[in-house]
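# What the coordinates show
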2 protein chains.
Amino acid sequence: MDGIDRALLAALQADATQAYADLGKAVGLSAGSAHERVRKLRERGVIRRTAVDVDPAAVDRGVLAFVMLQANVWMGDPPTRDALAAIPEIQEAHIIAGSASLLVKIRASTPEHLQGVLRRVFDVEGVTGTQTIVVLETFFERPLDISDPDAAG
Amino acid sequence: MDGIDRALLAALQADATQAYADLGKAVGLSAGSAHERVRKLRERGVIRRTAVDVDPAAVDRGVLAFVMLQANVWMGDPPTRDALAAIPEIQEAHIIAGSASLLVKIRASTPEHLQGVLRRVFDVEGVTGTQTIVVLETFFERPLDISDPDAAG
DNA sequence: TCTGAAAAAGCTGAGTT
DNA sequence: AACTCAGCTTTTTCAGA
């Protein structure tokens, strides 16, 4: 994981459709070498997958909310995970430190739809309370910063 | 935006590297037709980009936190947006309803690094307080659910 | 709007430095 | 580890239905 690998990852986060010849040119490598490095990054799991980024509003998921869940039992186990994963509108679920137990990110079509999702979340075993944060506007959602935190700059 | 488009989007979210011939087979279309539909989805902005998904831990961004920002002025304007965008560790920034003003998602390498980022966030014009939620474990982060909310099921 | 096929482009492996 | 080259697959275009 040197500077070239980081540059490749940054370029592929911006546009994974570009040709290896161009990718190589951007980092000072031949197409073959760029290809070999990317292959290894995939093999090592640094690159998990290649996917399209879909505009949520275009598929009727324009309502975004974060919900903090309070619980009366430990919720860090598979049954809780599976119960949350079974709700398709939940895009992320995290165990958190602090006064709540879990934080989930939800995308719904309308406030009414969101309400229905919240009801299902509330019915998950162990949940004793929810605090919902509705997003009014998203400033930005962008790829992970790839720069080396140890490097100067 | 019919069922076939939704199926294409779901398939491309799972794996955008597959050939159009396979993609077409999966949705009952020829390679040419699948290609044409995907081209239009890109053109219309439904597909915003194609990108690799990088494992944060592999690039030394294993610490995840959500931070709610209190403010004494309206923070929904470009200067605030730009000030937050200038902090590379901030992956998402949202204007929210409720007692805080903004919610940001931060990825750092260590708790010390996170602390440094929080200091920079606190220095953003208008910020009067922060509440930090540290993630202990991520259950899942997955693509947007593409199913039609109006459809039965 | 889809199909099928031809032309163009890019991927990917083998051999070499 | 990276480069070059060549065969092969895939993309992308286009005429026809």
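Please read these numbers as outputs of a predicted model, since none were measured by experiment.

The rules behind these values
- All residue numbers refer to position in the chain's written sequence, counted from 1.
- All chains are assigned letters beginning at A, and all ligands numbers beginning at 1, according to the order in which they are written.
- Residues qualify for local features only when their pLDDT is at least 70, as the model is predicted, and side-chain atom pairs are given and counted only at 80 or more; totals for whole chains, interfaces and linings, by contrast, use all residues.
- By convention in this description, side-chain values take in all heavy atoms of the structure and omit both hydrogens and water.
- Any two strands with at least two DSSP bridges between them are considered paired.
- Under the DSSP-based scheme used, a helix requires at least four consecutive residues in state H or I and a strand at least two consecutive residues in state E, with every element numbered from the N terminus.
- Simply put, an axis is a line fit to the C-alpha atoms, just over the touching stretch for a helix, and the angle between two N-to-C directions goes from 0 to 180 degrees.
- We define proximity as follows: a residue is near a molecule or strand when any one of its heavy atoms falls within 4 Å of that partner.
- For this analysis, a polar contact is any N or O atom pair within 3.5 Å, provided that within protein one partner can donate a hydrogen and the other can accept it, and provided that sequence-adjacent residues contribute only side-chain to side-chain pairs.
- Put simply, Ala, Val, Leu, Ile, Met, Phe, Trp, Tyr, Cys and Pro go in the nonpolar bin, Asp, Glu, Lys and Arg in the charged bin, and everything else, Gly too, in the polar bin.
- Residue burial is assigned from relative accessible area. The probe radius is 1.4 Å, only protein chains are included, and a residue is buried under 20% of its type maximum, exposed over 50%, and partly exposed in between.
- Two residues form a contact once any of their heavy atoms are found within 4.5 Å.
- Defined here as a combined quantity, buried area equals the accessible surface (1.4 Å probe) lost by two parts on assembly, summed across both.
- Any carboxyl oxygen of Asp or Glu that lies within 4 Å of a side-chain nitrogen of Lys or Arg is treated as forming a salt bridge with it.
- UniProt positions are given in the numbering used here, feature names are shortened, and annotations may be inferred rather than shown by experiment.

### So, the sheet that holds strand β4 (residues 102–108) of chain A
Pairing is antiparallel around the closed barrel formed by eight strands, whose spatial order is β2(A)-β4(A)-β3(A)-β5(B)-β2(B)-β4(B)-β3(B)-β5(A). Neighbour-to-neighbour, the strand axes of the sheet open up by a mean angle of 35°, direction not taken into account. Relative to strand β5 (residues 127–141) of chain B, strand β3 (residues 90–96) of chain A runs antiparallel, the two sharing five bridges. Looking at the pairing, Glu 92 of chain A lines up with Glu 141 of chain B of β5 of chain B.

### What to know about the pairing of β5 of chain B
Two strands pair when backbone bridges link them, and strand β2 (residues 63–71) of chain B and β5 of chain B are joined in this way by seven bridges, in the antiparallel orientation. Its bridge partner lying in β5 of chain B, Leu 69 of chain B is registered against Thr 130 of chain B.

### Some remarks on the protein's contact with DNA strand C
Lining the immediate surroundings of DNA strand C are Ala 19, Tyr 20 and His 35 of chain A together with Leu 29, Ser 30, Ser 33, Arg 37 and Lys 40 of chain B. In the environment of DNA strand C, a phosphate oxygen lies 3.2 Å from a nitrogen or oxygen atom belonging to the side chain of Ser 33 of chain B. Contact distances for DNA strand C include 2.9 Å between a phosphate oxygen and a side-chain N or O atom of Arg 37 of chain B. Sort the elements by how many residues they give to the surface near DNA strand C and helix α3 (residues 31–43) of chain B lands first, with three residues. When its residues are assigned to classes, the surface near DNA strand C shows three nonpolar, three polar and two charged.

### With respect to unusual backbone geometry
All names here are of chain A. Of note, the phi angle at Asp 60 is positive, near 65°, even though the residue is not glycine. Assignment of secondary structure puts Asp 60 in the loop between β1 (47–54) and β2 (63–71). Overall, the relative accessible area of 30% leaves Asp 60 in the partly exposed class.

### Details of the interface of chain B and chain A
How big an interface is tends to be expressed through the accessible area that disappears when the partners come together. Facing the 68 residues of chain B at the interface are 68 residues of chain A. The junction of chain B with chain A conceals about 6,400 Å² of combined surface from both sides, 58% of it contributed by carbon and sulfur atoms. At the junction of chain B with chain A, the criterion picks out ten salt bridges. The closest approach of N and O atoms between Asp 53 of chain A and Arg 49 of chain B, which form a salt bridge, is 3.7 Å. Here chain B and chain A share 41 residue pairs in polar contact (both at pLDDT 80 or more) between them. Looking at the side of chain B that touches chain A, the elements with two or more residues in it are α1 (3–14), β1 (47–54), β2, α4 (78–85), β3 (90–96), β4 (102–108) and β5 of chain B. When residues in the side of chain B that touches chain A are grouped by element, the largest group, nine residues, is from β5 of chain B. Considered class by class, the residues forming the side of chain B that touches chain A number 38 nonpolar, twelve polar and 18 charged. Here β1 of chain A pairs with β1 of chain B via seven bridges, running antiparallel.

### Examining the UniProt feature "domain: HTH asnC-type" (unreviewed entry) in chain A
Mapped onto the present numbering, the UniProt feature "domain: HTH asnC-type" (unreviewed entry) falls on residues 1–62 of chain A. For residues 1–62 of chain A, the end-to-end C-alpha separation is 37 Å, with 53% helix and 13% strand making up the annotated structure.

### A few points about the environment of Gly 116 of chain A
By secondary structure assignment, the location of Gly 116 of chain A is in helix α5 (residues 111–122). Each C-alpha atom, one on Gly 116 of chain A and one on Ala 93 of chain A, is 18 Å from the other, the two residues being 23 residues apart in sequence.

### A few points about the pattern of salt bridges
Using the criterion set out here, one finds 30 salt bridges over all chains in the structure. When the shortest N-O distance is used, the salt bridge between Lys 105 of chain A and Glu 92 of chain B registers 2.9 Å. With one member in each of two chains, Lys 105 of chain A in strand β4 and Glu 92 of chain B in strand β3 form a pair that bridges those chains. Residue classification places Glu 92 of chain B among the buried positions, given a relative accessible area of 6%. Note that Lys 40 of chain B and Glu 36 of chain B form a salt bridge whose closest N and O atoms lie 3.6 Å from each other. One end of the pair, Lys 40 of chain B, and the other, Glu 36 of chain B, are both in helix α3, four residues apart, so they sit about a helical turn from each other. Note on Lys 40 of chain B: relative accessible area 40%, which makes it partly exposed. By sharing partners, the salt bridges in this structure join Glu 92, Lys 105, Arg 107 and Glu 141 of chain A together with Glu 92, Lys 105, Arg 107 and Glu 141 of chain B into a single network.

### A look at the pairing of β2 of chain B
Residue and element names in this part refer to chain B. A large share of β2 lies buried, amounting to seven of its nine residues. Bridge count between β2 and β4: seven bridges; the pairing is antiparallel. In the strand pairing of β4, Val 63 is matched with Ala 108.

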